[in-house]
Amino acid sequence: MTILDSAHTFTLTFNGVDYWPYHLKQTLRIVEAEGGQVDTLSCEVEDLGWATDPREFWEVVLTADGTNVLFGGYIVKAKPRVSPA
């Protein structure tokens, strides 16, 4: 487990809506590729029964402290599954 050196505020927006409060802890992963390869972000979000569940080609942005963009891209594969809860 990595511990940050100070407190940070994160937002994880899908199509302009902040899903950070609904992402499942310990599921967020960023893989930074080298050269011409593509960086990837994967995570799981809780299904709250919204009509706007994440879908392919939605824009995704992970931001720290309001201005530092850590990742930007699009949903390539959205895989719904039944939550244990």
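Quick caveat, the model's predicted, so the values are computed rather than measured. The numbers attached to residues start from 1 for each chain and follow its sequence in the written order. Since the coordinates come from a predicted model, pLDDT governs what is reported: local features require at least 70, and pairs of side-chain atoms require 80 or more to be given and counted, while whole-chain, interface and lining totals use all residues. For side-chain calculations, the full set of non-hydrogen atoms in the structure is used, while hydrogens and water are omitted.

**Some points on the overall build of the protein**
Inference 1: A count of helices and strands for the protein gives zero helices and six strands.
Inference 2: Put simply, DSSP H or I for four residues or longer makes a helix, DSSP E for two residues or longer makes a strand, and each gets a number counted from the N terminus. Along the protein, from the amino end to the carboxyl end, the secondary structure elements read β-β-β-β-β-β.
Inference 3: Here's how the labels work: a residue is buried when its accessible area is under 20% of the maximum for its type, exposed when over 50%, partly exposed in between, all with a 1.4 Å probe on protein chains only. Residues counted as buried form 19% of the 85 residues belonging to the protein.
Inference 4: Note on contacts: a residue pair qualifies if any of its non-hydrogen atoms lie within 4.5 Å across the two residues. Taking contacts inside the protein between residues at least 6 apart in sequence as the whole, the part at least 24 apart equals 41%.
Inference 5: Method for areas: the Shrake-Rupley scheme with a 1.4 Å probe, in which residue coverage is limited to the protein chains shown. Total accessible area on the protein stands at roughly 6600 Å², and carbon and sulfur atoms take up 55% of it.

**Focus on the pairing of strand 5 (residues 59-64)**
Inference 1: The buried fraction of strand 5 is high, at five of six residues.
Inference 2: Only strands that DSSP links by at least two bridges are regarded as paired with each other. The pairing of strand 5 with strand 6 (residues 68-74) spans six bridges and is antiparallel. Within the sheet, the bridge partner assigned to Glu-59 lies in strand 6 and is Tyr-74.
Inference 3: Here strand 5 folds back onto strand 6, and the loop between the two strands holds three residues, one of which, Asp-65, carries a positive phi near 55 degrees.

**Here we look at the nonpolar core**
Inference 1: Note on terminology: a nonpolar core comprises buried Ala, Val, Leu, Ile, Met, Phe, Trp, Tyr and Cys residues joined through side-chain atoms within 4.5 Å. One finds Leu-12, Phe-14, Tyr-19, Leu-41, Trp-58, Val-60, Leu-62, Phe-71 and Ile-75 forming the largest nonpolar core, which totals nine residues.
Inference 2: Residues within four places of Phe-14 in sequence aside, it is in contact with Tyr-19, Cys-43, Val-45, Pro-54, Trp-58, Glu-59 and Val-60.

**So, the environment of Ile-30**
Inference 1: Residue placement: Ile-30 occurs in strand 3 (residues 29-31).
Inference 2: On the basis of relative accessibility, which here comes to 35%, the residue Ile-30 falls in the partly exposed class.
Inference 3: The spatial distance from the C-alpha of Ile-30 to the C-alpha of Leu-70 is 9.2 Å, given a sequence separation of 40 residues.
Inference 4: If near-sequence neighbours (up to four positions away) are discounted, Ile-30 is found in contact with Thr-40, Leu-41, Leu-62 and Phe-71.

**Thoughts on the packing of aromatic side chains**
Inference 1: Only Phe, Tyr and Trp rings take part, Trp by its six-membered ring, and two of them pair if their centres are within 6.5 Å. Stacked means planes under 30 degrees apart, edge-to-face means over 60, and tilted covers everything else. Inspection of the entire model under this criterion finds three aromatic pairs.
Inference 2: Following the ring pairs from residue to residue traces out a cluster consisting of Phe-14, Tyr-19 and Tyr-22.

**Considering the environment of Phe-71**
Inference 1: Position of Phe-71 relative to the elements: it lies in strand 6.
Inference 2: C-alpha of Phe-71 to C-alpha of Ile-30: the two residues are 41 residues apart in sequence and 8.2 Å apart in space.
Inference 3: Those residues within four positions of Phe-71 in sequence are excluded, and the remaining contacts are Ile-30, Asp-39, Thr-40, Leu-41, Val-60, Val-61 and Leu-62.

Everything listed here is a matter of geometry and, on its own, says nothing about what the molecule does.
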